[in-house]
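This is what each chain is made of:
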Amino acid sequence: MSPLKTLLDIPKIFWVNVALIVAFSLISSRYMTILNAINIMQQGAVLLVITAAMTIVILSEGLDLSLGAVMTMAGVVSVLALGAGLPVPVAILAGVLSGTFLGAITGTLIAFCKMSPFIATLGMQGVIFGFTLALTHSKAIFTDNANFILIGSRIGRYVPLAAILCGIIFLSVWATLHHTKFGRYVIAIGGNESGAHLSGINTTFWKWFVYVFAGTVTAMGGIILAARLEVADPIVGVGWEFDAIAATVLGGTSLTTGRGDVSGSFLGVLLIMLLRNGMNVVGTPPIWQPALMGTIIIFAIAFQVSTTMREEAGR
Amino acid sequence: MPRISSSAAAESSPLASSEYVLQVRNVSKAFPGVQALDNVSFDLKPGEVHVLLGENGAGKSTLMKIIAGAYLPDAGEILIDGQPAANLTPRKAQELGVGIIYQEFNLIPFLNVAENIFIDQLPTRQLIRLDHKTAHRKAREILASLNMEVPTHALAVELSTAQQQIVEVAKALTHNSRILIMDEPTASLTDREIEQLFMTIRELKSKGIGIIYISHRLREMKEIGDRVTVLRDGRYVGTHNLSEVTVDSLVTMMVGREIDLLYEHDEVSLGEEVLRVEGLSSKATGLRDVSMNLRRGEIVGLAGLVGSGRTELARAIFNADRHDEGRIIIFGKESKGKTPKDSVRNRIALLPEDRKRQGLALILSVAENVLSASLDKVFPRGWVDQRKQKSLSDEYIKILRIATPSGARITRDLSGGNQQKVVIAKWLATGSEIFIFDEPTRGIDVGAKCEIYGFMNHLKKNNCAVLMISSELPEVIGMSDRIFVMREGTIVAEVSRGEATQEKIISYAMDAAPERPANSGTDQNPARADPGK
Ligand SMILES: Nc1ncnc2c1ncn2[C@@H]1O[C@H](COP(=O)(O)OP(=O)(O)O)[C@@H](O)[C@H]1O
Ligand SMILES: [Mg+2]
């Protein structure tokens, strides 16, 4: 199945996106420009990565509320490593591995200790956030390492390097879901865990691996974000997991049946970013943006969930 | 190369010397509150179809799950090809050549047919990249070798039940299986599909694969089976060649229980009709044209196999599920109710099968549970009147002799029988007059059973009406004034108390009634051909 065909399988939210673009460009003449499009890409790129990770977790009938915190931690670890004089590749690797490590702990709690994903990851969110504050003494840590900053910046005016990197990560997650055993087991565990187990799949191990994978991917996003902002901010990731969950559900992934796809989540992220950017461009007062945003997302999810449920009931 | 090509017969030739591919010796297995298997033995020869027969709950599926490594036995051993196979896991059992089609749906809904067939051995190339092409080709080969056609790119959810069954067969054969277990494979197939499946089974037989076949359709198993083993209440009853036994004798072996003196029965003069169901049908739950009635002062039994629609009928009467056609008349008036709440107001009580989940809030106190369906009695002013709650609930605790130190005790701490009494008390408190019991005595001890029977009689004598769903034939026969037998979503017989025997009821329930033609090949039972199921 090609990514394009899968995209076309989820038409509703796609049309919502189109409608948003049309509406914003009618309201403001400054909206439909290449630069603004690149802006949206650069700003949405990291959310796309976190959402891809979240979608894998949700497809396995899990949930990971600690991803925002993992993202922050990875950025902090990388920037601290740079500050300690380590070379850029090593600093990046350290950040990525911090996500792998945290994911392994979360996965252990859920897969081996059989804790509910909600409780386990809510707890991990607090723990990781606490450690991040301790590591940074709750201060933002700036970096001026040009090579590091490069991965989050744009080359010239028109080549958004961060967006390209995130796009590659996103496509890799998509390929993992569709073209590896692990990806198929994710769908198997989410769709019929006992069936998968009775078919001889080591569901405990693969469930653990879901969180390892999500932590690793999320950490990559966190490092790119730190590079783009040129700072590791200990509170930068607060609330990202909720955007990621919203984007996943908007993209048509079901919270309970192993139904859905990473490619749908792309559209979910796009919707959120279009809203955010559009409200800025047309001059919505910043104090009203969160409330407006939340309201629109709730309506969009209600719309998406009702069609998903109707389709599921129809079989 | 498909793993189950004709080479399977050749590969099994070294085994031809050993008479059995599978031997089960003295296996026992207990679940909390029930001895599912008690010292059961069983064996299987290569190239035979060995039918496993027994009532619901006889332990058939449990035995199969033990052979397939899904459960570990408490005692006894399994020998495959004469070698002891201890500590089986699903994976190990597969590797030893055990393929199983479980009674429950075991496919992955959002994976395609090829992925489902090869779920645990997906082919890869270049390290970890899946080789979809090979998977689809091998899947097509396997399906072709079974003479079956299913599109390998379709998702499992998109398939018909029959197609899903075919995929399960193909999946069970991918490990070069020499033992194939089919747990009620025909329960949801049409006649034509069953014929197809039988062709497949004959083909597999000819390749030397031993097949364990579980079904409730007696005539069907005469057609396909070689030997039959009967289980009853988790115990081994006997093994026979199918050619040497009659359907009647099989039925006797299955039921073979005496109706004991547990059941009290009183003649009560019948009162007015309180419930009448006319032509009830529902696509969603599979009910078809159900008609029955219930009068004051009687206990009516609802017998049938699991899945025959008994619980669905009860839920429809209680407005827990919608129906498409038909009428429900309660106390002489057509019920216009839409929700269970309307039914409670109509003085109907439903005591569900799974009382822990549907009938009780286990973490609440006994008193709270007793009054949970009639809260307006205890909070007339908008908050719970503790004193009233205590006095009311104490009254019911006394009437029903619920063994609890006080009404404040958490319901979870009570025994199964006493929990069941709490459910009854809850409905008594609402002032109900029509009581529907769904498997009221499942999993409770004899003492509590007796009390519940006594209580049903008490209801009957007090001018209430009781509809009792039960899979235990002695219980149905011992308690009921009349019995309706259900099969495949509809009522197939009404049996009076005088006529009721276990053999008769099970014959109706299993479509083996003697007055019907005994030739299954030409049997045109409309129920089987019903595509709506
Ligand atoms: N997982 C389980 N937990 C508790 N009890 C079970 C479980 N599986 C089966 N049982 C009980 O074991 C007995 C045998 O069940 P089963 O093997 O499914 O019977 P059959 O397949 O012959 O209808 C029944 O009383 C059933 O309720
Ligand atoms: Mg069974």
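Conventions we followed
- Residues numbered from 1 in each chain as written.
- Chains lettered and ligands numbered in written order.
- Predicted model: local features only at pLDDT ≥ 70, side-chain atom pairs only at ≥ 80, totals over all residues.
- Heavy atoms only, no water.
- Helix = DSSP H or I, 4+ residues; strand = E, 2+ residues; numbered from the N terminus.
- Buried < 20%, exposed > 50% of the residue type's maximum accessible area, 1.4 Å probe, protein only.
- Contact = heavy atoms within 4.5 Å.
- Areas by Shrake-Rupley, 256 points an atom, 1.4 Å probe, with all protein chains shown as cover.
- Buried area = accessible area lost by both parts, 1.4 Å probe.
- Salt bridge = Lys/Arg side-chain N within 4 Å of Asp/Glu carboxyl O.
- Polar contact = N/O pair within 3.5 Å; in protein donor to acceptor, adjacent residues only side chain to side chain.
- Nonpolar A, V, L, I, M, F, W, Y, C, P; charged D, E, K, R; others polar.
- Axes fitted to C-alpha atoms, helices over the stretch in contact; angles between N-to-C directions.
- Parallel < 35°, antiparallel > 145°, perpendicular 65-115°, else oblique.
- Left-handed = near helix turned anticlockwise from the far one by under 90°.
- Pairing = 2+ DSSP bridges.
- Donors = N, O, S within 2.8 Å, 3.2 Å for Na, K, Ca; no water.
- Near = heavy atom within 4 Å.

A. Up close: the overall build of chain B. Across its full length, chain B carries 19 helices and 22 strands. Across the 533 residues in chain B, those meeting the buried criterion constitute 56%. Within chain B, residue pairs in contact and separated by at least 24 positions form 69% of the contacts whose partners lie at least 6 positions apart. Looking at chain B as shown, the accessible area adds up to about 22,700 Å², and 50% of this sits on carbon and sulfur atoms.

B. Representation of the interface of chain A and chain B within the structure. In this complex, chain A contributes 22 residues to the contact, which on the side of chain B involves 24 residues. Taken over both partners, the interface formed by chain A and chain B buries close to 1,900 Å², and the fraction arising from carbon and sulfur atoms is 63%. Together, H179, R184 and L198 of chain A form the three largest contributors to the area buried by chain A at its contact with chain B, with a combined 31%. Where chain A meets chain B, there are one salt bridge. Applying the counting rule to chain A against chain B returns eight residue pairs in polar contact (both at pLDDT 80 or more). When residues of the side of chain A that touches chain B are traced back to their parent elements, those giving at least two are α8 (161–179), α9 (181–191) and α10 (193–198) of chain A. Of the residues contributing to the side of chain A that touches chain B, the split by class is six nonpolar, twelve polar and four charged.

C. Structural context of the side chain of S343 of chain B. All names here are of chain B. Examined against the element boundaries, S343 turns out to sit in helix α11 (residues 340–345). A distance of 2.6 Å separates the side chain of S343 from the backbone oxygen of F318, its partner in a polar contact. Residue contacts for S343: discarding those within four places in its chain leaves I317, F318, N319 and I348.

D. Seen up close, the packing of helix α3 (residues 34–59) of chain A against α8 of chain A. Residues and elements named next belong to chain A. Orientation of α3 relative to α8, taken along the N-to-C sense of each, is 15°, at an axis distance of 8 Å. Looking at the two axes, α3 sits roughly parallel to α8. Handedness of the crossing formed by α3 with α8: left-handed. Between α3, through M41, Q42, A45, V46, L48, V49, A52, I56 and L59, and α8, the contact on the second element is made entirely by L161, A162, A163, C166, I169, F170, V173 and L177. Tallied by class, the residues present in the contact of α3 with α8 amount to 16 nonpolar, one polar and no charged.

E. Examining the sheet that holds strand β16 (residues 325–330) of chain B more closely. All names here are of chain B. The strand order across the open sheet built from four strands is β14-β13-β16-β17, with neighbouring strands paired in antiparallel fashion. Since the sheet does not close on itself, it has two edges, and those belong to β14 (287–295) and β17 (333–334), each with one partner. Pairing analysis gives five bridges linking strand β13 (residues 273–282) to β16, with the strands arranged antiparallel. Note that in β16 the partner of E278 across the bridge is R327. The strands touched by helix α10 (residues 310–317) are β13, β14 and β16; relative to β14, the strand with the most contacts, the crossing angle is about 65°.

F. Up close: the sheet that holds strand β1 (residues 22–31) of chain B. Residues and elements named next belong to chain B. Pairing is antiparallel in the open sheet, where four strands are placed in the order β2-β1-β4-β5. Since the sheet does not close on itself, it has two edges, and those belong to β2 (34–44) and β5 (83–84), each with one partner. Where β1 meets β2, seven bridges bridge the pair, whose relative direction is antiparallel. If you follow F31 over to β2, its bridge partner there is V34. Across the sheet, helix α2 (residues 60–67) lies against β1, β2 and β4 (75–80), angled at about 120° from β1, the strand it touches most.

G. Main features of the coordination of the magnesium ion (ligand 2). Residue and element names in this part refer to chain B. Every protein donor of the magnesium ion (ligand 2) is listed here as S61 (OG) and Q103 (OE1), and their distances to the metal cover 2.0 to 2.2 Å. Residue S61 is located in helix α2, and its partner Q103 is located in the loop between β6 (98–101) and α4 (113–117); the two are separated by 42 residues in the primary sequence. A relative accessible area of 18% means that S61 is categorised as buried. With relative accessibility at 40%, the residue Q103 sits in the partly exposed group.

H. Representation of the pattern of salt bridges. Residue and element names in this part refer to chain B. Tallied over the entire structure, the rule returns 31 salt bridges over all chains. Note that E272 and R296 form a salt bridge whose closest N and O atoms lie 2.9 Å from each other. Residue E272 is found in the loop between α9 (247–255) and β13, and its partner R296 is found in the loop between β14 and β15 (299–304); the two are separated by 24 residues along the sequence. By relative accessible area, which is 44% here, E272 ends up partly exposed. A salt bridge links R295 to E298, with the shortest nitrogen-to-oxygen separation between them at 3.8 Å.

I. Focus on the pairing of strand β11 (residues 227–232) of chain B. All names here are of chain B. Among the six residues of β11, five are classified as buried, and the element is accordingly described as predominantly covered. Across four bridges, strand β3 (residues 49–53) lies against β11 in parallel orientation. In the strand pairing of β11, L53 is matched with V230. Here β11 runs beside strand β12 (residues 235–241); their pairing, made up of six bridges, is antiparallel. Looking at the pairing, V228 lines up with H240 of β12. Connecting the antiparallel pair β11 and β12 is a turn made up of two residues, with D233 showing a positive phi of about 50°.

J. Here's a closer look at the packing of α3 of chain A against helix α12 (residues 240–250) of chain A. Residues and elements named next belong to chain A. Direction vectors running N to C along α3 and α12 enclose 65°, while the axes themselves pass 8 Å from each other. The orientation of α3 relative to α12 falls into the category roughly perpendicular. Seen along the crossing, α3 lies across α12 with a hand that is right-handed. Residues V46, L47, I50, T51, M54, T55 and I58 of α3 pack against W240, E241, D243, A244, I245, A247 and T248 of α12. Taken together, the residues that form the contact of α3 with α12 break down as nine nonpolar, three polar and two charged.

K. Inspection of the site of ligand 1 at higher detail. Residue and element names in this part refer to chain B. Close to ligand 1 lie F31, V34, A36, E55, N56, G57, A58, G59, K60, S61, T62 and Y71. Taking A58, its main chain carries an N or O atom lying 3.2 Å from an oxygen atom of ligand 1. G59 places a polar main-chain atom, nitrogen or oxygen, 3.0 Å from an oxygen atom of ligand 1. Here ligand 1 loses 66% of its free accessible area of 560 Å² to cover by the protein chains. Only β2 and α2 provide two or more residues apiece to the shell around ligand 1. Across the shell around ligand 1, the residue classes tally to five nonpolar, five polar and two charged.

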